[in-house]
Amino acid sequence: MSTLADTPLIRTTALTRHDPVRNTTLLHPSTFILSGGQRVAITGPSGSGKSVFLRALALLDPVDDGVIQWRGRAIARGGIPAYRRRVAYIAQRPAMLDGSVEDNLRYPFSLKVYRDARFDRERVGELARRAGRDTDFLDKRASELSGGEAQIAALIRVLQVDPDVLLLDEPTASLDPAAALEIEALVSAWFDDGHGERASIWVSHDPAQAKRVGERQLVMTAGTLS
Ligand SMILES: Nc1ncnc2c1ncn2[C@@H]1O[C@H](COP(=O)(O)OP(=O)(O)OP(=O)(O)O)[C@@H](O)[C@H]1O
Ligand SMILES: [Mg+2]
């Protein structure tokens, strides 16, 4: 008998995406299972579909076919905000709102789906510190952040609300090696705090990093994950 503990967090069946303009397949039908306690690394050439895949999993881009199940159930349209709270996508080039970093970190709490949660300045300050940033990081203008700092802010924005799954799209691409290691440590701490219930998918172009951040190594080649 299967129990809830055996149910994967995410299961995709025949997930497919085409580009009608160029008449190409961006994502070939794929079955993919992500269970609690798994850390997946995806590598693969530029343009192979890694971001397309993560964005499909995050329900950010439409797919043409296939099903995504969350904890064994299809996701109803009305359940998408709740799903995105559980399954957080961190973009390759994160978008920031005008205002300070703190304004950006406070933003999720203005959304209905986070009405039960409260912004905790001490907690985000601690996350920033662990990501190697000074306390004045929260007061910086978002428009003045470097690419790497924007990635750190986007990660903190997500970590503060305790997601179950992180979809990390080259989250350290704009960071120096030392800062990249700090981000890896921050994500590891989040993962360990889940006691086997959390999972991550980390897209990287760096084979050494992929080895560090994933026990399960996958490769994306021309829209096929293997
Ligand atoms: N919205 C879209 N409409 C049409 N084609 C798209 C769309 N988004 C991405 N593509 C195409 O899908 C292919 C895969 O893109 P994707 O961004 O997933 O690559 P990637 O593997 O993440 O590459 P990189 O390592 O450079 O980030 C590319 O050919 C890209 O042009
Ligand atoms: Mg990409």
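None of the values given here were measured: they were computed from a predicted structure.

A. Structural view of the coordination of the magnesium ion (ligand 2). Taken together, Ser 51 (OG) and Gln 92 (OE1) make up the full set of protein donors to the magnesium ion (ligand 2), lying 2.0 to 2.5 Å away. Of this pair, Ser 51 sits in helix α1 (residues 50-57) while Gln 92 is found in the loop between β6 (87-90) and α3 (101-106), placing the two residues 41 residues apart along the sequence.

B. Fine view of the packing of aromatic side chains. Evaluated as defined, the whole model comprises 5 aromatic pairs. Aromatic side chains Phe 32 and Phe 53 sit 5.3 Å apart centroid to centroid with 90° between the ring planes, which places their arrangement in the edge-to-face category. Here the residue Phe 32 occupies a position in strand β2 (residues 24-34), and Phe 53 occupies one in helix α1, the gap between them amounting to 21 residues. Like Phe 53, Phe 32 is buried. Every member of this aromatic cluster is reached through a ring pair, and the members are Phe 109, Tyr 114 and Phe 119. Across the ring face of Phe 191, the terminal group of Arg 39 is positioned such that the distance to the ring centre comes to 5.5 Å.

C. Region of the structure containing the sheet that holds strand β5 (residues 73-74). Pairing in this open sheet of 4 strands is antiparallel, and the strands run β2-β1-β4-β5 from one edge to the other. Only two strands of the sheet have a single partner each, and these edge strands are β2 and β5. Of the strand pairs in this sheet, strand β1 (residues 10-19) and strand β4 (residues 65-70) are connected by 5 bridges, and their pairing is antiparallel. Among the inter-strand pairings, Thr 12 is bridged to a residue of β4, identified as Ile 68.

D. Focus on the sheet that holds strand β3 (residues 39-43). Strand order in the open sheet formed by 6 strands is β6-β7-β8-β3-β9-β10, and the pairing between neighbours is mixed. Sheet topology places β6 and β10 (224-225) at the edges, where each strand pairs with a single neighbour. Of the strand pairs in this sheet, β6 and strand β7 (residues 165-169) are connected by 4 bridges, and their pairing is parallel. Within β7, the position partnered with Val 87 by the bridge is Val 165. Its contacts with the sheet place α1 against β3, β6, β7, β8 (199-203), β9 (216-221) and β10, and it is angled at close to 155° to β7. Taken strand by strand, helix α6 (residues 177-193) contacts β3, β7 and β8, and its axis lies near 160° from that of β8.

E. Summary view of the side chain of Ser 100. Note on placement: Ser 100 falls in the loop between β6 and α3. Other than its neighbours up to four places away in sequence, Ser 100 contacts Leu 138, Asp 139, Lys 140, Arg 141 and Ala 142.

F. Quick peek at the pairing of β2. Both β1 and β2 contribute to a ladder of 7 bridges, which runs antiparallel. Bridging across to β2, Asp 19 finds its partner in Thr 24. Here β1 folds back onto β2, and the loop between the two strands holds 4 residues, one of which, Asn 23, carries a positive phi near 55°.

G. Spotlight on the pattern of salt bridges. Taken as a whole, this structure holds 15 salt bridges when the rule is applied. The partner of Asp 164 in a salt bridge is Arg 71, and the shortest N-O contact between them spans 3.4 Å. With Asp 164 in the loop between α5 (147-159) and β7 and Arg 71 in the loop between β4 and β5, the pair connects residues that are 93 residues apart, well separated along the chain. Exposure remark for Asp 164: the relative accessible area of 13% places this residue in the buried category. Salt-bridge contacts for Glu 102 lead to Arg 106; the nearest nitrogen and oxygen are separated by 2.9 Å. Residue Glu 102 and its partner Arg 106 are located together in helix α3, separated by 4 residues, close to a single helical turn. Judged by relative accessible area, which is 11%, Glu 102 ranks as buried. Taking relative accessible area as the criterion, Arg 106 reaches 40% and is therefore assigned partly exposed.

H. Inspection of α1 at higher detail. With 6 of 8 residues buried, α1 is to be regarded as a mostly interior element. Residues of α1 that are buried include every one of Lys 50, Val 52, Phe 53, Leu 54, Ala 56 and Leu 57, and no others. After α1 finishes, the residue Leu 59 shows a positive phi value of roughly 60°.

I. View of the site of ligand 1. For ligand 1, the set of nearby residues contains 15 residues, the closest of which are Gly 47, Lys 50, Ser 51, Val 52 and His 205. Contacts to ligand 1 include Ser 51, whose side-chain N or O atom sits 2.8 Å from an oxygen atom. Taking 640 Å² as the accessible area of ligand 1 by itself, protein coverage stands at 64%. When residues of the shell around ligand 1 are traced back to their parent elements, those giving at least two are β1 and α1. Looking at the shell around ligand 1 element by element, the count peaks at 3 residues for α1. Residue composition of the shell around ligand 1, by class: 3 nonpolar, 7 polar and 5 charged.

Parameters and conventions
Residues numbered from 1 in each chain as written. Chains lettered and ligands numbered in written order. Predicted model: local features only at pLDDT ≥ 70, side-chain atom pairs only at ≥ 80, totals over all residues. Heavy atoms only, no water. Donors = N, O, S within 2.8 Å, 3.2 Å for Na, K, Ca; no water. Helix = DSSP H or I, 4+ residues; strand = E, 2+ residues; numbered from the N terminus. Phe/Tyr/Trp six-rings, centres within 6.5 Å; stacked < 30°, edge-to-face > 60°. Buried < 20%, exposed > 50% of the residue type's maximum accessible area, 1.4 Å probe, protein only. Lys NZ or Arg CZ within 6 Å of the ring centre and 35° of its normal. Pairing = 2+ DSSP bridges. Contact = heavy atoms within 4.5 Å. Axes fitted to C-alpha atoms, helices over the stretch in contact; angles between N-to-C directions. Salt bridge = Lys/Arg side-chain N within 4 Å of Asp/Glu carboxyl O. Near = heavy atom within 4 Å. Polar contact = N/O pair within 3.5 Å; in protein donor to acceptor, adjacent residues only side chain to side chain. Areas by Shrake-Rupley, 256 points an atom, 1.4 Å probe, with all protein chains shown as cover. Nonpolar A, V, L, I, M, F, W, Y, C, P; charged D, E, K, R; others polar.

Note that every value here comes from positions in space, so none of it alone points to a role or purpose.
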